[in-house]
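Working through the structure, step by step
Read off the chains here:
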Amino acid sequence: MAILIVPKTVRLWKDTLKASVRNYQFNRTLERIGRGAPAKVPDRKIIEALFFASGNQSYGADPEYLDEVARRSATTSKPILECGSGLTTILLGLFAGARGVPVWSLEHDPEWYESTAAMIRRYQIENVHLLLSYMRSYGDYSWYDAPLAQMPKHFGMVVCDGPPKKSTTGDRYGLIPVMRNRLGTDSVILLDDVALENPDPVLSRWLDEVSASYQLFPSRASSYAVIMLR
Ligand SMILES: C[S@@+](CC[C@H](N)C(=O)[O-])C[C@H]1O[C@@H](n2cnc3c(N)ncnc32)[C@H](O)[C@@H]1O
């Protein structure tokens, strides 16, 4: 019996040690990025280090998408809407929030909301309105039950990395029908997890409904689209 317990204890101890090393690296990298922000966007290598130290590879955005978010949030002057919070929220806060550009982030999962809120508090991120916004049905699709009356009338950029694709009816489609009147010819949508080869179902549906041009970019495990509304 004792022989079985010892390896299990050692494994647990190793896992705890690994998690605290990763946590330490994550905090150090984010503090380093924060010291240069909002003037200096970190290079891709630092963003990659942050991605791996986050330990959220299966749900979190790929480094290429994080890089796109960081670079664009450093120059955007209009309010930003984010769908699906996490590391992207922190980058938006560091590069847009710190310049006084408001960020509105919708998160449907209470536990994940708490985890993002804790990072916002820890790094004293400013101008991020993180909203716990449950999913609701809009007929043939579901999307966030966003408190529209409180939110800006116009967004210059949308970081569309939620709601989760698999568990949401209509995937991320709801953004356009629900928010279209708050997006204009100067708005850019960064849509994550887009199919590269076959036409992406959400992107195809949006292009039938709004006038836009777009570019696709491959990333580590997936690909994303930069959509410019016209
Ligand atoms: C693709 S993730 C959004 C990731 C976020 N933009 C980022 O870069 O970290 C979409 C949703 O998945 C959920 N999620 C993210 N990480 C998770 C985790 N580790 N476990 C469970 N749910 C998670 C959250 O509800 C989030 O809004």
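Structure first, text after, so check above.
For the structure given in this document, a descriptive report is provided here.

**Here's the deal with the side chain of Asn27**
With respect to the element layout, Asn27 can be found in helix H1 (residues 2-36). A residue is classified by how much of its surface remains accessible, and Asn27, at 12% relative accessible area, is buried. Contacts of Asn27, omitting those with residues within four sequence positions, involve Arg122 and Tyr123.

**A few points about the site of the ligand**
Taken together, the neighbourhood of the ligand is formed by 14 residues, with Asn56, Tyr59, Thr88, Glu107 and Asp161 sitting nearest. Take Leu87: an N or O atom from its main chain is 3.0 Å from an oxygen atom of the ligand. Between the ligand and Glu107, the relevant distance is 2.6 Å, taken from an oxygen atom to a side-chain nitrogen or oxygen of the residue. If the ligand stood free it would expose 580 Å²; the protein chains cover 86% of that surface. Taken together, the residues that form the shell around the ligand break down as four nonpolar, seven polar and three charged.

**Re the packing of helix H4 (residues 87-95) against helix H5 (residues 110-122)**
A packed helix pair is summarised by two numbers, namely the angle formed by the two axes and the spacing between the axes. Relative to each other, H4 and H5 sit at 30°, their axes nearing to 9 Å. Taken together, the axes of H4 and H5 are roughly parallel relative to one another. For the pair H4 and H5, the sense of crossing is right-handed. From H4, Leu87, Thr89 and Ile90 reach across to H5, where they touch Thr116, Met119 and Ile120. Its residues assigned to classes, the contact of H4 with H5 comprises four nonpolar, two polar and no charged.

**Side note on the environment of Ala49**
For Ala49, the location among the structural elements is in helix H2 (residues 44-54). Sequence spacing of Ala49 and Thr168 is 119 residues, and the spatial spacing of their C-alpha atoms is 30 Å.

**As for unusual backbone geometry**
Cis rather than trans, the peptide bond between Ala37 and Pro38 has omega equal to 0°. If you trace the backbone, Pro38 turns up in the loop between H1 and H2. Of note, the phi angle at Gln124 is positive, near 50°, even though the residue is not glycine. Note on placement: Gln124 falls in the loop between H5 and strand E3 (128-132).

Rules of the game
- Residues numbered from 1 in each chain as written.
- Predicted model: local features only at pLDDT ≥ 70, side-chain atom pairs only at ≥ 80, totals over all residues.
- Heavy atoms only, no water.
- Helix = DSSP H or I, 4+ residues; strand = E, 2+ residues; numbered from the N terminus.
- Buried < 20%, exposed > 50% of the residue type's maximum accessible area, 1.4 Å probe, protein only.
- Contact = heavy atoms within 4.5 Å.
- Near = heavy atom within 4 Å.
- Polar contact = N/O pair within 3.5 Å; in protein donor to acceptor, adjacent residues only side chain to side chain.
- Areas by Shrake-Rupley, 256 points an atom, 1.4 Å probe, with all protein chains shown as cover.
- Nonpolar A, V, L, I, M, F, W, Y, C, P; charged D, E, K, R; others polar.
- Axes fitted to C-alpha atoms, helices over the stretch in contact; angles between N-to-C directions.
- Parallel < 35°, antiparallel > 145°, perpendicular 65-115°, else oblique.
- Left-handed = near helix turned anticlockwise from the far one by under 90°.

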